[in-house]
Amino acid sequence: MRLPFIKMHVCGNNFIFVDELGRDPMPDALISDLAKKLTDPYTGVGADGLIRLGGVNPSDSSGISFRLLKPDGSESLSCGNGLLCAGRYLADRYGVKQTVFQTQIPTGRPVAVVSGETGGKRWIRVPAPSSIPDFLFRLERHEDIVTPEGRLVFNLQSRRKDPLFMENSEDELSFVASPVFAGEPHLVVRDSGIVPKERAGCLFPEMDGAVELRRDWGNLLLCRMGGQISAQYPGLFPKGINLMVARSSGGGEIIFFRSFKSGNLRETMACGTGALACAAVLGKGDAIRVVPEMARRHMGALGYTIIPGKNEWYIYGDPELIWEGIWTGCSSFTGEV
Ligand SMILES: N[C@H](CCC[C@H](N)C(=O)O)C(=O)O
């Protein structure tokens, strides 16, 4: 099989794009399998997801269909960074200035997101963040974790009793999270809401002036928080949950965050809808700068500017094309690492 693709990123959150415009779309089962293969970093191209763009032509007035397949082959509802990239791709490849994308297609009720460019800066216009819809968030077995303000208190139990478990850093851990829907479901946790407090010091160590950076420790903590929710709170988020740990500075005008993604089950460099969710919970002012901490460290990324509105919010970011290629297949792929 020879499949032309491109790869793009915003702040290191990277995607493979398959352009199905004006063509018969590939069957869902095939594309799900392809997503597993292509996103594989060892025997594929390697990416945080595979995005297929579909429609009659690049300026299709009914909207370009935007569908994101995660590395496990399942489908996401939306993706801020992917939409910024897709808008830039259509502009560069076909000269389309502004595009309407149809997102949240798996729900059967697509939601339009507009992508455009002003003064050389790419943006997307998305519905204002809201509460997580019931089909993604089922509280009935977990009513006791909700505070009067609508936040959630998670108490992760120690896994020390697990005979295969060797780390000694897995004592009990609790944190307060705000549930937000920003096209994707997110939990936003302020690092100050993590107990024991000193544990959170490994998430943004440079800001705390720590001499020893302990970068991996921050990753371990984030992955434990994000990864253990589904095991310890079964059924709460039936389609998974993304977890953002954030810290605000400058009174809410600047926010730093780290992102754990449900479909990757690992930390990613950045997350566009996650940045939106962080701005909704911690942000203040007319223009909120949201900086993904890992992308800042890795590439000096400045992050996103988010402009809140009543019904619609804008996210500004800098998508980049990384490479164009032809995937030729890999017969030795088994799906196991
Ligand atoms: N990175 C995306 C969201 C990804 C959704 C997530 N559930 C996944 O694909 O793992 C963004 O920029 O908004």
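To start, this report covers the structure provided alongside it. (Residues numbered from 1 in each chain as written. Predicted model: local features only at pLDDT ≥ 70, side-chain atom pairs only at ≥ 80, totals over all residues. Heavy atoms only, no water.)

1. A short note on the overall build of the chain
Next up, step 1: Within the chain, the secondary structure is distributed over 5 helices and 17 strands.
Next up, step 2: Expressed along its principal axes, the backbone C-alpha trace of the chain runs to roughly 55 × 50 × 45 Å.
Next up, step 3: Here the chain holds 337 residues, and 50% of them are scored as buried.
Next up, step 4: When contacts within the chain are restricted to residue pairs at least 6 apart in sequence, those whose partners lie at least 24 apart make up 62%.
Next up, step 5: As presented, the chain carries roughly 15700 Å² of accessible surface, and 51% of it is formed by carbon and sulfur atoms.
Next up, step 6: One way to put it: in the chain the 37 positive side-chain charges average out to a point 2 Å from where the 38 negative ones average out. (Helix = DSSP H or I, 4+ residues; strand = E, 2+ residues; numbered from the N terminus. Buried < 20%, exposed > 50% of the residue type's maximum accessible area, 1.4 Å probe, protein only. Contact = heavy atoms within 4.5 Å. Areas by Shrake-Rupley, 256 points an atom, 1.4 Å probe, with all protein chains shown as cover. Lys, Arg positive; Asp, Glu negative; His and termini not counted. Charge placed at Lys NZ, Arg CZ, Asp CG, Glu CD.)

2. Some remarks on the environment of Ser61
Next up, step 1: Take Ser61: it is sitting in the loop between strand S3 (49-55) and strand S4 (64-69).
Next up, step 2: Separated by 119 residues in sequence, Ser61 and Val180 have C-alpha atoms that sit 30 Å apart.

3. A closer look at the nonpolar core
Next up, step 1: Counting 47 residues, the largest nonpolar core has Phe17, Leu53, Phe257, Val290, Tyr304 and Ile306 as the members making the most contacts within it.
Next up, step 2: Both domains that furnish three or more residues to this core are identified here as domain 1 (3-128 + 320-327) and domain 2 (134-305).
Next up, step 3: Setting aside anything within four residues of it in sequence, one finds Leu53 in contact with Phe17, Val18, Asp19, Glu20, Leu21, Ile64, Ser65, Phe66, Ala86, Tyr89 and Phe101.
Next up, step 4: The next biggest cluster of nonpolar side chains, apart from the first, holds 32 residues, and it includes Phe137, Leu152, Ala200 and Phe256. (Core = buried A, V, L, I, M, F, W, Y, C linked by side-chain atoms within 4.5 Å. Domains from an automatic or database assignment.)

4. Here we look at helix H1 (residues 28-39)
Next up, step 1: Look at H1: 16 Å from first C-alpha to last across 12 residues, which is about the 16 Å you get at 1.5 Å a residue.
Next up, step 2: Within the sequence span of H1, burial applies to Ile31, Ser32, Leu34, Ala35, Leu38 and Thr39. Buried positions in H1, seen along its axis, are confined to an arc of 160° and lie on one side of it.
Next up, step 3: Where H1 is buried, its residues meet strand S1 (3-10), strand S2 (13-21), S3, S4 and strand S17 (320-327). (Expected span 1.5 Å × (residues − 1). Arc of directions from axis to C-beta.)

5. Section: the site of the ligand
Next up, step 1: As a structural note, the neighbourhood of the ligand is formed by 16 residues, with Asn13, Gly80, Lys261, Gly272 and Thr273 the closest of them.
Next up, step 2: Within the contact set of the ligand, a nitrogen atom lies 2.8 Å away from a side-chain nitrogen or oxygen of Lys261.
Next up, step 3: About the coverage of the ligand: the protein hides 99% of its 360 Å² of free accessible area.
Next up, step 4: Class assignment of the residues belonging to the shell around the ligand gives a composition of 3 nonpolar, 10 polar and 3 charged.
Next up, step 5: Counting residues domain by domain, the shell around the ligand receives three or more from each of domain 1 (3-128 + 320-327) and domain 2 (134-305). (Near = heavy atom within 4 Å. Polar contact = N/O pair within 3.5 Å; in protein donor to acceptor, adjacent residues only side chain to side chain. Nonpolar A, V, L, I, M, F, W, Y, C, P; charged D, E, K, R; others polar.)

6. A closer look at the environment of Ser192
Next up, step 1: Structurally, Ser192 is set in strand S10 (residues 185-195).
Next up, step 2: With 53 residues separating them in the primary sequence, Ser192 and Val245 have C-alpha atoms 9.6 Å apart.

7. Quick look at the pattern of salt bridges
Next up, step 1: For the coordinates displayed, the defined rule picks out 15 salt bridges.
Next up, step 2: Of the charged contacts in the structure, one is a salt bridge between Asp28 and Arg52, with a shortest N-O distance of 3.1 Å. Note that Asp28 is positioned in helix H1 and Arg52 in strand S3, a separation of 24 residues in sequence.
Next up, step 3: Of the residues examined, Asp28 reaches a relative accessible area of 45% and is grouped as partly exposed.
Next up, step 4: By relative accessible area, which is 4% here, Arg52 ends up buried.
Next up, step 5: Arg266 is the salt-bridge partner of Asp48, the closest N and O atoms lying 2.9 Å from each other. (Salt bridge = Lys/Arg side-chain N within 4 Å of Asp/Glu carboxyl O.)

So, to be careful, I would describe these as geometric facts and stop short of saying anything about function.
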